[in-house]
Amino acid sequence: PGYGTCSFAVDLLRGGRWHRVFASPIVRAGDAPLDLCIEIGGATRLRLLAEDGGDGISWDHAVWADAMVQ
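Quick caveat, the model's predicted, so the values are computed rather than measured.

Peer 1: Could you clarify how one ought to interpret the overall build of the protein in this entry?
Peer 2: The number of helices and strands found in the protein is zero helices and four strands. Beginning at the N terminus, the succession of helices and strands in the protein can be written as β-β-β-β. Considering only residue pairs separated by 6 or more positions, the protein has 61% of its internal contacts joining residues 24 or more positions apart. Total accessible area on the protein is roughly 5400 Å²; 53% of this is exposed by carbon and sulfur atoms.

Peer 1: Looking at this structure, how should I read the confidence of the model for the protein?
Peer 2: Scored by pLDDT, the protein has a mean of 88; 97% of the residues are at 70 or more. Of all helices and strands in the protein, the one with the weakest mean pLDDT is strand β3 (residues 27-28) (88), whereas strand β2 (residues 17-23) scores best (97).

Peer 1: Looking at this model, I keep getting lost on the side chain of serine 24. Mind explaining?
Peer 2: Position of serine 24 among the secondary structure elements: in the loop between β2 and β3. The exposure class of serine 24 is buried, given its relative accessible area of 12%. There is a polar contact of 2.8 Å between the side chain of serine 24 and the backbone nitrogen of phenylalanine 8. Residues in contact with serine 24, not counting those within four places in the same chain, are Ser7, Phe8 and Leu34.

Peer 1: Whenever I open this one, the pattern of salt bridges confuses me. Can you help?
Peer 2: If the charged atoms of two oppositely charged side chains come close together, the side chains can form a pair. The tally for this structure, following the rule as stated, stands at two salt bridges. Beyond isolated ion pairs, a larger network of salt bridges with shared partners links Asp11, Arg20 and Arg47.

Peer 1: Would you explain unusual backbone geometry in this entry?
Peer 2: Even without glycine at this site, aspartate 66 takes up a positive phi of about 55°. On the secondary structure map, aspartate 66 appears in the segment after β4 (45-52).

Peer 1: What exactly am I supposed to notice about the side chain of aspartate 11 here?
Peer 2: Relative to the assigned elements, aspartate 11 resides in strand β1 (residues 5-14). What makes aspartate 11 buried here is its relative accessible area of 4%. Only 2.7 Å separates the side chain of aspartate 11 from the side chain of arginine 20, close enough to count as a polar contact.

Procedures and definitions
Residues numbered from 1 in each chain as written. Predicted model: local features only at pLDDT ≥ 70, side-chain atom pairs only at ≥ 80, totals over all residues. Heavy atoms only, no water. Helix = DSSP H or I, 4+ residues; strand = E, 2+ residues; numbered from the N terminus. Contact = heavy atoms within 4.5 Å. Areas by Shrake-Rupley, 256 points an atom, 1.4 Å probe, with all protein chains shown as cover. pLDDT = per-residue confidence, 0-100. Buried < 20%, exposed > 50% of the residue type's maximum accessible area, 1.4 Å probe, protein only. Polar contact = N/O pair within 3.5 Å; in protein donor to acceptor, adjacent residues only side chain to side chain. Salt bridge = Lys/Arg side-chain N within 4 Å of Asp/Glu carboxyl O.

Laid out in structure tokens, this is it:
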């Protein structure tokens, strides 16, 4: 308990430039899952990022559960 922090981000490539369209707060072990819906129209690429919570990568574990593109 208390170990492992991370944050999540979604970037879209539109018009030849990457745009960050979502950035989560820091998520810790035991936190509720984050639900999100992002409009991706016009994007040619999608990038899902999991980053450390600012305290290094020890104990970090990130899951994009049931991620889908519709």
